[in-house]
Amino acid sequence: MLHDPLRVAIFTDETGWHTRRLRQALARRGFEGRCVDLADCRFDTAASPHGLLTPGFGKALPCAAVVRGIAGGSLEQITKRLGILHALREMGVPVYNDARAIERSVDKAMTSFLLHRAGVPTPPAWALEDEAQARRIVMREASAGHSLVLKPMFGSQGKGLQRVGLVDGAFLPLPALAGLGGLAYLQRFVPQPESAAAPGFDWRVLVVGGRACAAMKRVSGHWVRNVAQGARCVRCVLEPGLAALAEAAAGALGMDYGGVDLVPDGRHAAGAQVIEVNGVAAWRGLQRVTEFDIAQSLVDDLLARRLGLALDRGVAQVCHF
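Residues numbered from 1 in each chain as written. Predicted model: local features only at pLDDT ≥ 70, side-chain atom pairs only at ≥ 80, totals over all residues. Heavy atoms only, no water.

A word on the pattern of salt bridges. Inspection of every chain in the model, using the stated rule, returns 19 salt bridges. In this structure, the salt-bridge partner of aspartate 98 is arginine 100, at a minimum N-O distance of 2.8 Å. Judged by relative accessible area, arginine 100 falls into the partly exposed class, the value being 38%. Arginine 306 is the partner of aspartate 256 in a salt bridge, and the nearest nitrogen-oxygen pair spans 2.8 Å. With aspartate 256 in the loop between helix 6 (240-252) and strand 15 (257-264) and arginine 306 in helix 8 (residues 294-306), this residue pair connects regions lying 50 residues apart in the sequence. Through salt bridges with shared partners, one network takes in Asp202, Arg204, Arg218 and Asp261. (Salt bridge = Lys/Arg side-chain N within 4 Å of Asp/Glu carboxyl O. Buried < 20%, exposed > 50% of the residue type's maximum accessible area, 1.4 Å probe, protein only. Helix = DSSP H or I, 4+ residues; strand = E, 2+ residues; numbered from the N terminus.)

Below is the structure:
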């Protein structure tokens, strides 16, 4: 099967800082990174021997692919775009992260299920379509003194999150599921002591090739602590317990790399619980508080572990602790 030996597809719906860093990292290793929107790729069994056409590659296949972003769309469109990634894997093209890992991580219910199944500390979660049953769960949790976070099943960057149940001493009911796609995904809120002088935080840990290699605190006076929602990125030490927890989370979802979000919780041995795992993680905020080149570490892991290449480690500073 015809593979372009030195061209890597960077699947993204927008180009910018991240894709530029990936292309630079690939160039240092002698590869060319070509940005491709999965919306522009197609199945075409008449035009190519393998049945795919990828813009910029002619009838050839990329030697590898990095998934940087998948645009939203209809169910049919998303199915086709993920199908392209599945097809590339079936033809032996390393896809970083592949469609299976992305599907597991974008589906918050599946993430919670897989973390729980693997014994990774994570807050109790529920995903259901029965609105009456969902309201009973919220009332039961509130009676036990708990707040719940209602999240869009496929949301990102902290958008659309709201708390229900017992919130600041008052009961907040579950809104109608009709405005939520007919489904409630609820995760128990993990409180932490905080004040104006000492705002709360969570951790983002980057796992590359099964190894946690960088971490930061996301600090904010608001309980939604995504950088996109205004949280500050603060350098922090990656403690062994936190690293092990993040590695277990990424492993449970079968990821090449992942951004693991954790909240402090002293009731657990590692001192934290995993609340989300991102399979198409942005790292610009983390790069600002990290000394080594994150894009280079991702590219080097892809080339060394997935393509089996021997690399000169002097090209870039890599993570080690």
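In this section: the environment of glutamate 141. Along the chain, glutamate 141 turns up in helix 5 (residues 131-143). Measuring from C-alpha to C-alpha, the distance between glutamate 141 and valine 164 comes to 9.7 Å, with 23 residues separating the pair along the chain. Once you skip the residues sitting within four places of it in the chain, glutamate 141 turns out to touch Trp126, His146, Leu148 and Arg188. Reaching out from glutamate 141, the side chain makes a polar contact with the side chain of arginine 188 at a distance of 2.8 Å. (Contact = heavy atoms within 4.5 Å. Polar contact = N/O pair within 3.5 Å; in protein donor to acceptor, adjacent residues only side chain to side chain.)

Attention now moves to the packing of helix 3 (residues 99-106) against helix 4 (residues 108-117). Contact geometry for helix 3 and helix 4: axes closest at 5 Å, N-to-C directions at 100°. With respect to each other, helix 3 and helix 4 are oriented roughly perpendicular. Every residue of helix 4 that contacts helix 3 at Arg104, Ser105 and Val106 is listed here: Lys108, Met110, Thr111 and Leu114. Looking at side-chain class alone, the contact of helix 3 with helix 4 contains three nonpolar, two polar and two charged residues. (Axes fitted to C-alpha atoms, helices over the stretch in contact; angles between N-to-C directions. Parallel < 35°, antiparallel > 145°, perpendicular 65-115°, else oblique. Nonpolar A, V, L, I, M, F, W, Y, C, P; charged D, E, K, R; others polar.)

Moving on, we come to the environment of glycine 258. Note on placement: glycine 258 falls in strand 15. As a C-alpha pair, glycine 258 and alanine 282 span 24 residues in sequence and 9.4 Å in three-dimensional space. Discounting residues that sit within four places of it in the chain, glycine 258 has contacts with Val205, Leu206, Val207 and Asn278.

Once that is clear, we can look at the sheet that holds strand 5 (residues 61-67). Judged by pairing direction, the sheet is parallel, and its four strands sit side by side in the order 2-1-5-6 without closing on themselves. Of all strands in the sheet, those with a lone pairing partner are strand 2 (32-36) and strand 6 (95-96), marking the two edges. Pairing analysis gives five bridges linking strand 1 (residues 3-11) to strand 2, with the strands arranged parallel. Across the sheet, phenylalanine 11 pairs through a bridge with valine 36, a residue of strand 2. (Pairing = 2+ DSSP bridges.)

Don't take any of this as a statement about function, it's just geometry.
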